[in-house]
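# Tertiary structure, described
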Amino acid sequence: MTTNTYDDIKESIAPELARLHEAIHHTLKSSSNPLLNTVVESYLQSKGKLIRPILVILTARLFGDVSDKVIASASAVEMLHNASLIHDDVVDESKMRRGAPTINAVWDNHIAVLVGDFFEAGALSQAVSTGDIRIVDSLTCLGRILSLGELDQIYNARGHTLSEEAYFKIINQKTASLFVSCVEIGAYAVGIAIDDPRLMAMRRYAELLGLCFQIRDDIFDYFPAETSTIGKPTANDIREGKVTLPLLYALTSEDAPDPDYHQMMRQAAMADDQPDEDMIEALYAYARQRGGIDYAYTTMEHLHSEATTVLSAAFGADNEALAPFHSIFRFIIDRRK
């Protein structure tokens, strides 16, 4: 039966997801420290969309069977992802995540950093348990790329770089790299060779999916009314000096009807001082008025089209096994939280 929605996908692999949760809980709740156990238990109550471990499982199922090795790989990815979120919340001084207070908001930065480190250790432990050095290598390389992406973003924000090329490089590092690692280790876990042409196609699909995911996430920031829906504050990116695709498009277009106002918006976005709330709203309104949101959606559709072409070329256009991968891409574009 063809899988049509993201909920259908989750339902189709419900037993595997139950095994995933069990593996994560077993790894993270093995501590002898009551404080750590309390923080971890509280954190695990708020579940994300599980897109990344689901990609691991679906990729493994595309090429073979979902073994314990696959589940260990998927749990490693999810724990590493959550470690990066916990650390990002400290760096960004975020107070909300998934509709709940962040660890750093409830406890403090010190505890949050250590809990993030504990998640990282759990991820590496699960990766090592697979006995596959390729899986370990993929995750360790991923950790390096995620760190570089964060540092590049800070560097570009401080240097006020307004470049679509630089933007895509950063979101490739910070987001798409994790999606690529997911399909890699899912394939490795069922014995697929590194240079298998089908895996090369899956890597490109995952890269395009990750880029699309981040663009959609960035769009949320432009609509403060959606704060309660998406479970995190909006209008935060520009406060942190991040100029994302919708505003970047508006600020770099050459056909502005009011050149003076356009220049004022550019200067505000590139100022060393954080803009005040009125200017933040003006910048985000400018992005919306100048077609930045439409441009971002058009870009996502282009990414989707390429991903469809890549998968069809590698596996066949009528291959029903690809249905979940097509559905996930559509879900990413259409999601409202």
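The structure reproduced in this document is the subject of the present report. This is a predicted model, so every value here is computed, not measured. (Residues numbered from 1 in each chain as written. Predicted model: local features only at pLDDT ≥ 70, side-chain atom pairs only at ≥ 80, totals over all residues. Heavy atoms only, no water.)

Time to look at the overall build of the protein. A tally of regular secondary structure across the protein gives 16 helices and two strands. Principal-axis analysis of the C-alpha atoms gives the protein an extent of 60 × 55 × 30 Å. Sorting the 337 residues of the protein into buried and exposed places 52% on the buried side. Per element, the accessible surface of the protein, about 15300 Å² overall, is 53% carbon and sulfur. (Helix = DSSP H or I, 4+ residues; strand = E, 2+ residues; numbered from the N terminus. Buried < 20%, exposed > 50% of the residue type's maximum accessible area, 1.4 Å probe, protein only. Areas by Shrake-Rupley, 256 points an atom, 1.4 Å probe, with all protein chains shown as cover.)

Here we come to the state of the cysteines. The final tally for this structure, using the stated rule, is zero disulfides. Distance from the sulfur of C141, which forms no disulfide, to the nearest cysteine sulfur (C182) is 15 Å. A relative accessible area of 37% means that C141 is categorised as partly exposed. C212 takes part in no disulfide bond, and the closest cysteine sulfur to it belongs to C182, at a distance of 16 Å. Among the residues examined, C212 registers a relative accessible area of 0% and is labelled buried. (Disulfide = S-S within 2.5 Å.)

So, on to unusual backbone geometry. The phi dihedral of L50 is positive, around 65°, even though this residue is not glycine. Position of L50 relative to the elements: it lies in the loop between α3 (34-44) and α4 (51-63). Positive phi, close to 55°, is recorded for E93, a residue that is not glycine.

Taken as a whole, this structure holds 10 aromatic pairs when the rule is applied. Relative to F168, the ring of Y167 lies with its centre 5.4 Å away and its plane at 80°, an arrangement referred to as edge-to-face. By relative accessible area, which is 7% here, Y167 ends up buried. Members of the aromatic cluster, joined through ring pairs, are Y205, F325 and F329. Seen from the ring of F213, R52 lies directly overhead, with NZ or CZ sitting 4.9 Å from the centre. (Phe/Tyr/Trp six-rings, centres within 6.5 Å; stacked < 30°, edge-to-face > 60°. Lys NZ or Arg CZ within 6 Å of the ring centre and 35° of its normal.)

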